[in-house]
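Fold and geometry: a report
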Amino acid sequence: MRFKKYHALGNDYLVLQPDGLVLDAVQIRRICNRRLGVGSDGVLLGPLPTSCARFRLRIFNPDGSEAEKSGNGIRIFCRFLWDEGLVKDELFTIETAGGVVTAQVLESGKLVRVGMGVASFLSGDIPVIGTSREVIMESMDVADRRFDFCCVSMGNPHCVIPVPETNSALAREYGPIIETSSIFPNRINVQFLQVIDNSSIRIEIWERGAGYTLASGSSSCAAASVAYRLGLCGQNISVHMPGGIIHIEIDKDFNVTMTGPVAYSFCGSLL
């Protein structure tokens, strides 16, 4: 079984072409294990047959669960398609479990722009339990802390927590508790958000099914959307993460476009 490995700001994925391949959760966990397998933050399976887009992609977390969407994963998949000669510099569409996105490979594969869809703050879209509402600046008690939070769906669920100053310790300590809170029936991705200025934010990330993460595309989209929704930033936002920077554009209807780098790592075979 051949694979190619890429990373997007330190968030790494293996791309496997299906060829009749069926993977179960045990196999995915073994492949992603950094001591016993190849090691990665997830597996991308595609391109797959589709009737509503040019390509279809399935995304798996390292715990074996399937993700609806991954911004970094999508960018990596786009670079893979470019490397395989399946796309050039034209716009194309990809179906994910979290919806269809539009993408374009730039700068000879070094950069990818993705239209990630509309950010939704509606509780039913995320989902968050309780009455139907926009989940904006609600409060929760987490261990010894109380946090105000916003929730947003980018086709996958996010809980964004504005803080005066963010750091990895916040994400590592409180992220796993928030991810599995009973108010989030499908679990949730967690971002601790610090606003730097009108066009820059910093986030630390705890990813559902993956844990502490150096960078995340969908998390960048979610956090930037919350910063814009709260009036803390404008429509063009640079999202700073430990792994690097992703640029986000948000229009007045909360259509979100992400632009960020991708790098090829290596290829190999799984026996």
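Above this note sits the structure.
Now for a quick tour of the structure. (Residues numbered from 1 in each chain as written. Predicted model: local features only at pLDDT ≥ 70, side-chain atom pairs only at ≥ 80, totals over all residues. Heavy atoms only, no water.)

Next up on the list: the overall build of the protein chain. For the protein chain, the helix and strand inventory stands at four helices and 18 strands. In terms of overall dimensions, the protein chain is globule-like: its C-alpha atoms have a radius of gyration of 18 Å, near the 18 Å expected for 271 residues. For the protein chain, the spread of C-alpha atoms along the principal axes amounts to about 50 × 40 × 30 Å. Buried residues in the protein chain amount to 53% of all 271 residues. (Helix = DSSP H or I, 4+ residues; strand = E, 2+ residues; numbered from the N terminus. Rg over C-alpha atoms; globule rule 2.2 N^0.38 Å. Buried < 20%, exposed > 50% of the residue type's maximum accessible area, 1.4 Å probe, protein only.)

Take the pattern of salt bridges next. Under the defined criterion, the tally for this structure stands at 14 salt bridges. R54 is paired through a salt bridge with E90; the nearest N and O atoms lie 2.7 Å apart. Taken as a pair, R54 in the loop between β3 (43-48) and β4 (55-60) and E90 in the loop between α2 (71-83) and β6 (92-96) lie far apart in primary sequence, 36 residues in all. The network of salt bridges with shared partners includes K5, D12, R34 and D41. (Salt bridge = Lys/Arg side-chain N within 4 Å of Asp/Glu carboxyl O.)

What follows deals with the nonpolar core. Side chains of a nonpolar character, in soluble globular proteins, are inclined to be buried together. Grouped together as the largest cluster of nonpolar side chains are 53 residues, with contacts concentrated most on F77, F92, I94, I201 and I248. Filtering out sequence-adjacent residues up to four positions away, F92 remains in contact with R54, F55, C78, L81, V87, V101, T102, A103, Q104 and V105. Formed by 21 residues, the second largest nonpolar core is a distinct cluster that contains M140, F147, V190 and W206. (Core = buried A, V, L, I, M, F, W, Y, C linked by side-chain atoms within 4.5 Å. Contact = heavy atoms within 4.5 Å.)

This part is about helix α3 (residues 168-179). With 12 residues, α3 ought to run about 16 Å at 1.5 Å a step, and its terminal C-alpha atoms sit 16 Å apart, in line with that. All of the buried residues in α3 are L170, A171, Y174, G175, I178 and E179. Viewed end-on, α3 has its buried residues packed into an arc of 135°, placing them on one side of the element. Those residues of α3 that are buried lie in contact with β9 (138-142), β10 (145-153), β11 (157-162), β12 (189-197), β13 (200-207) and β14 (211-213). The N-terminus of α3 is capped by N167, whose side-chain oxygen sits 3.1 Å from the backbone nitrogen of A169. (Expected span 1.5 Å × (residues − 1). Arc of directions from axis to C-beta. Polar contact = N/O pair within 3.5 Å; in protein donor to acceptor, adjacent residues only side chain to side chain.)

With that settled, consider empty space enclosed by the protein. Applying the stated rule across the entire model yields one cavity of 30 Å³ or more. Computed from the structure, the largest cavity encloses a volume of approximately 100 Å³. Within the lining of the largest cavity, the residues separate by chemical class into three nonpolar, seven polar and three charged. (1 Å grid on protein atoms, 1.4 Å probe; cavity = no way out; pocket = protein on both sides within 12 Å on 5 of 7 lines; lining within 4 Å. Points joined across faces, edges and corners; volume = space filled by probe spheres on them. Nonpolar A, V, L, I, M, F, W, Y, C, P; charged D, E, K, R; others polar.)

Enumeration over the complete set of coordinates arrives at nine aromatic pairs. Note on F77 and F80: the rings are 6.3 Å apart at their centroids and 20° apart in plane angle, and the pair reads as stacked. Of this pair, F77 and F80 both sit in helix α2, three residues apart, roughly one helical turn. A relative accessible area of 0% places F77 in the buried class. With a centroid separation of 5.2 Å and an interplanar angle of 50°, the aromatic rings of Y228 and F254 are classed as tilted. Residue Y228 is found in helix α4 (residues 217-229), and its partner F254 is found in the loop between β16 (244-250) and β17 (255-261); the two are separated by 26 residues along the sequence. Judged by relative accessible area, which is 16%, F254 ranks as buried. (Phe/Tyr/Trp six-rings, centres within 6.5 Å; stacked < 30°, edge-to-face > 60°.)

Time to look at the state of the cysteines. Overall, the coordinates contain zero disulfides when judged by the stated rule. Cysteine C267 shares no disulfide, and the gap to the nearest cysteine sulfur, in C32, comes to 18 Å. Note on C267: relative accessible area 38%, which makes it partly exposed. (Disulfide = S-S within 2.5 Å.)

Look at α4: 18 Å from first C-alpha to last across 13 residues, which is about the 18 Å you get at 1.5 Å a residue. With respect to burial, α4 is a largely interior element, 11 of its 13 residues being buried. Taken residue by residue, α4 has G217, S218, S219, S220, C221, A222, A223, A224, S225, V226 and A227 as its buried positions. With its phi angle positive at about 75°, G231 sits one or two positions after the end of α4.

This paragraph deals with the pairing of strand β15 (residues 236-241). Pairing between β13 and β15: three bridges, direction parallel. Paired with R202 across the strands is H240, a residue of β15. As paired elements, β15 and β16 share six bridges and run antiparallel to each other. Residue pairing across strands places N236 opposite E249, the latter belonging to β16. In textbook terms, the turn of a hairpin is the stretch between consecutive antiparallel strands, and for β15 and β16 this stretch comprises two residues. (Pairing = 2+ DSSP bridges.)

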